[in-house]
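Residues per chain are reported as follows:
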Amino acid sequence: MKVAAEGCNLCLAEPQRAQYGGGIIVNPGFDHNIEGWTVFGKGAIKERISNGGNRFIVAHNRTQPLDSFSQKVQLKKGMLYTFSAWFQLSEGSETVSVIFKTKGSEMVRGGQVMAKHGCWTLLKGGIVANFSSPVEILFESKNSTVEIWADNVSLQPFTKKQWRSLQDASIERVRKRKVRFQITHVNETAMKGATIIATLVKLNFPFGCGMNHHILTNKDYQNWFVSRFKFTTFTNEMKWYSTEKKQGQENYTISDAMLKFTKENGISVRGHNIFWDDPKYQPEWVKTLSPEDLARAAAKRMESVVSRYKGELIAWDVMNENLHFHFYEDKFGENASAEAYATAYELDPTPKMFLNEYNTIEYSGDEAASPDKYIKKLQEILSFPRATGMPAAIGLQGHFASGQPNLAYMRSGLDLLAAIGRPIWLTEVSVDPQPNQAEYLEEVLREGYSHPAVEGIIMFSGPAQAGFNATTLADESFKNTPAGDVVDRLIDEWGTGPQIATADDRGFVDLSLHHGDYDVTVTHPLTHSSITMNLRVKKDFSPETIHVKMRA
């Protein structure tokens, strides 16, 4: 079978079977000609059969982007729907999108992929049903001169309960390991009733929270943060507009003090950010510089901030939001971002270098930051000669607006991005204020934690006293908000709460432990003897039984 690698998407000589047997799609593999499918817009549709006997649908004689084939389905309120289909074009390569047209003629984009001629590419996406309604599924290619070919279309519904069970099963599989102990007396007799307490010392999965300058002066904020988190990003304090408000007058006092605080408390820091590609967020004096003066100022900024914090940070957001904006590209040319990444890597080769973007997984309607566009940009940066070997990583901000998060689209985006094999972090997770904010925040966090390619999550949230007024986790008196309750519950569930179990009549104890370092204490109620040990549970943890021998 011929396989061509194009970005993250495998391009296959023949399409794979429809996921979930096509779900609620009628005639998903076109075994019954084009039954169940109709023309949308102008143009025409027909079935075609490949040399290998594979049947697929073709939209031809197209004159408008939305001229395609369509099928009507009924969506049920509160359900999540995953979409997938295989696409090919009659020539060249173009973006193909799936569109859900609602009863009121609203067009909801459900995902997109770069399709090409000569092989089949999988489009994955999804939609959440905010109301029960019929919708029409149709497809878009902005180049109306090409034919759109499709095969093995699937739309699979899930209840929230079913989705949660899938998340839980994935967490059990990718974040935890089963550990078996056998507790015996030194004479090999089983010690029924012995108790094991496994207390987490260090969780392997980074789950953290943004931090701002209020941490330096607010003792309650300090206590709140340190008791919960070991990973952070300074929300504004390392940015250029914070450290050089006037040209030539650098001031790192606040970020230095915050870094000292994090060091003293064993908190790892992501650097945020070296540059921001949005014209609005440049230091005021930068906006009026000539290209020559800007080049000098930018080189000085890069050298200054990266060298200052060399060896102190686990990551850098190098050129923030450079799918949506291009301030530096407009000034320095199309390689401006790649140059910045390469220079940062030369100055400090250790931190992961992140492309940090919004709406890649949050909002399917933002074509500028789609997973496909993200991968294309990252590959452009990595193909730059001086970026060879750079530890590049995928930063997905995760700012969710009001309304039910489209978890099906989020998952499909993570799947697509995961295929390029780079670490993925959710870097700035927040959910806008709304009645169901806490519920939606939990859904987003669980979706990230349950995905095998996600290696860390940082929320941009915190207590009201520190000015966090979007996703507020504690009120003015440091009492938990509902969102704060969610976060504390997840911190406990994901491993910080002690695991306690009792040996059966053969002395066996089975625990399911999150990846991390544990202090384990074994005691017996009759002998009052105890044994302590250290245990490291990792992805590749050996499932062999751990034998514990106790004296009377």
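Keep in mind it's a predicted model, so treat the numbers as computed, not measured.

Colleague: Quick rundown of the overall build of the protein? Include the residues and the values.
Modeller: When helices and strands are tallied, the protein shows 11 helices and 30 strands. Rg of the C-alpha trace for the protein: 27 Å, near the compact-globule value of 24 Å for 552 residues, within the 12% margin. Counting all 552 residues of the protein, 55% fall into the buried class. Taking all contacts inside the protein whose residues are at least 6 apart in sequence as the whole, residues at least 24 apart take part in 75%. Between the centroid of the 60 positive side chains of the protein and the centroid of its 64 negative side chains there is a distance of 3 Å.

Colleague: Quick rundown of the environment of Thr360? Include the residues and the values.
Modeller: Within the secondary structure, Thr360 sits in the loop between β19 (352-357) and α8 (371-382). Separated by 116 residues in sequence, Thr360 and Glu244 place their C-alpha atoms 31 Å apart. Beyond its immediate stretch of four places on either side in the chain, Thr360 contacts Ala369, Ser370, Pro371, Tyr374, Leu396, Tyr409 and Leu417.

Colleague: Would you mind going over the pairing of strand β14 (residues 195-203) in detail, with residue names and values included?
Modeller: Relative to strand β26 (residues 499-502), β14 is paired through four bridges, and the arrangement is antiparallel. Paired with Ile196 across the strands is Ala501, a residue of β26.

Colleague: Which residues make up the sheet that holds strand β3 (residues 38-40), and what values go with them?
Modeller: Strand order in this open sheet of five strands is β3-β6-β11-β8-β9, and the pairing throughout is antiparallel. Each edge of the open sheet carries a strand with a single partner, namely β3 and β9 (107-116). Across the sheet, the mean angle separating the axes of adjacent strands is 35° when strand polarity is ignored. Across nine bridges, the pairing between strand β8 (residues 93-101) and β9 is antiparallel. In the strand pairing of β9, Lys101 is matched with Met107.

Colleague: I'd like to hear about the packing of helix α10 (residues 437-450) against helix α11 (residues 482-496), residue by residue, with values.
Modeller: A pair of packed helices is characterised by two quantities: the angle between their axes and the separation of those axes. At a minimum axis separation of 8 Å, α10 and α11 run at an interaxial angle of 30°. What the angle tells us is that α10 and α11 run roughly parallel. Crossing of α10 over α11 shows right-handed handedness. Here Gln437, Ala438, Leu441, Glu442, Leu445, Arg446 and Tyr449 of α10 come into contact with α11, specifically with Pro482, Ala483, Val486, Val487, Arg489, Leu490, Glu493 and Trp494. Class assignment for the residues of the contact of α10 with α11 results in 10 nonpolar, one polar and four charged.

Colleague: Describe the nonpolar core, and please don't skip the residues or the numbers.
Modeller: In terms of nonpolar packing, the biggest core is built from 118 residues, with Phe181, Ile183, Phe207, Leu445 and Leu535 touching the most fellow members. Per-element tally for this core: the top contributor is helix α7 (residues 336-347), with eight residues. Ile183 has contacts with Ala190, Met191, Ala194, Ile196, Ala503, Gly507, Val509, Val522, Val548 and Met550, leaving out every residue within four places of it along the chain. Counting 31 residues, the second largest nonpolar core, distinct from the first, contains Ala59, Ile148, Ala150 and Leu155.

Colleague: Which residues make up the pattern of salt bridges, and what values do they have?
Modeller: One pass over the full model with this rule turns up 30 salt bridges. The residue Glu188 makes a salt bridge to Lys549 at a minimum N-O spacing of 2.8 Å. Taken together, the residues Glu188 in the loop between β13 (176-185) and β14 and Lys549 in strand β30 (residues 546-550) connect sequence positions 361 residues apart. For Lys549, a relative accessible area of 40% puts it in the partly exposed group. Between Asp488 and Arg228 there is a salt bridge, with the nearest N and O atoms lying 2.8 Å from each other. Placement of the pair is Asp488 in helix α11 and Arg228 in the loop between α2 (219-226) and β16 (231-234), with a sequence separation of 260 residues. Taking relative accessible area as the criterion, Asp488 reaches 24% and is therefore assigned partly exposed. Ionic contacts of the salt-bridge type, sharing partners, join the residues Arg109, Glu140, Lys142 and Glu367 into one network.

Colleague: I'd like to hear about the sheet that holds strand β28 (residues 516-523), residue by residue, with values.
Modeller: Ordered in space as β26-β14-β28-β29, the four strands form an open sheet in which the pairing is antiparallel. Two strands lie at the open edges of the sheet, namely β26 and β29 (530-537), each paired on one side alone. The sheet shows a mean angle of 20° between the axes of neighbouring strands, direction not considered. Across eight bridges, the pairing between β14 and β28 is antiparallel. Bridging across to β28, Ile197 finds its partner in Thr521.

Colleague: Describe the side chain of Asn273, listing the residues and the values that go with them.
Modeller: Along the polypeptide, Asn273 turns up in strand β17 (residues 268-276). Classification of Asn273 as buried rests on a relative accessible area of 2%. Setting aside chain neighbours within four positions, we find Asn273 in contact with Met238, Lys239, Trp240, Arg301, Trp316, Asp317 and Asn320.

Colleague: Hey, could you go over the state of the cysteines for me, with residue numbers and the actual values?
Modeller: Per the stated rule, a full pass over the model turns up one disulfide. Two residues, Cys11 and Cys119, share a disulfide whose sulfurs are 2.0 Å apart. Here Cys11 and Cys119 share a disulfide; its torsion about the S-S bond, 90°, makes the bridge right-handed. Pair noted here: Cys11 is in strand β2 (residues 9-12) and Cys119 is in the loop between β9 and β10 (120-128), with a separation of 108 residues, a long-range link. In terms of burial, Cys11 and Cys119 fall into one category: buried.

Colleague: Pulling in residues and values, what's your account of the packing of aromatic side chains?
Modeller: Enumeration according to the criterion identifies 29 aromatic pairs in this entry. Aromatic pair Phe83 and Phe139: ring centres 6.0 Å apart, planes at 45°, arrangement tilted. Remark: Phe139 occurs in strand β11 (residues 133-140) and Phe83 occurs in strand β7 (residues 80-89); sequence separation between them is 56 residues. Neither residue differs from the other here; Phe83 and Phe139 are each classed as buried. In this structure an aromatic cluster arises from ring pairing among Phe205, Phe207, Tyr221, Trp224, Phe225, Phe229, Tyr449 and Trp494. In this structure, Arg180 packs its charged tip against the face of Phe508, placed 4.5 Å from the ring centre.

Colleague: Please provide a residue-by-residue account of the packing of helix α5 (residues 291-308) against α7, values included.
Modeller: Relative to each other, α5 and α7 sit at 40°, their axes nearing to 9 Å. Classified by the angle between their axes, α5 and α7 sit oblique to one another. Read as a crossing pair, α5 and α7 show a hand that is right-handed. Residue-level inspection shows Met302, Glu303, Val306 and Ser307 of α5 in contact with α7, the latter providing Ala340, Thr343, Ala344 and Leu347. Classifying every residue of the contact of α5 with α7 gives five nonpolar, two polar and one charged.

Reading guide: rules and limits
Residues numbered from 1 in each chain as written. Predicted model: local features only at pLDDT ≥ 70, side-chain atom pairs only at ≥ 80, totals over all residues. Heavy atoms only, no water. Helix = DSSP H or I, 4+ residues; strand = E, 2+ residues; numbered from the N terminus. Rg over C-alpha atoms; globule rule 2.2 N^0.38 Å. Buried < 20%, exposed > 50% of the residue type's maximum accessible area, 1.4 Å probe, protein only. Contact = heavy atoms within 4.5 Å. Lys, Arg positive; Asp, Glu negative; His and termini not counted. Charge placed at Lys NZ, Arg CZ, Asp CG, Glu CD. Pairing = 2+ DSSP bridges. Axes fitted to C-alpha atoms, helices over the stretch in contact; angles between N-to-C directions. Parallel < 35°, antiparallel > 145°, perpendicular 65-115°, else oblique. Left-handed = near helix turned anticlockwise from the far one by under 90°. Nonpolar A, V, L, I, M, F, W, Y, C, P; charged D, E, K, R; others polar. Core = buried A, V, L, I, M, F, W, Y, C linked by side-chain atoms within 4.5 Å. Salt bridge = Lys/Arg side-chain N within 4 Å of Asp/Glu carboxyl O. Disulfide = S-S within 2.5 Å. Phe/Tyr/Trp six-rings, centres within 6.5 Å; stacked < 30°, edge-to-face > 60°. Lys NZ or Arg CZ within 6 Å of the ring centre and 35° of its normal.

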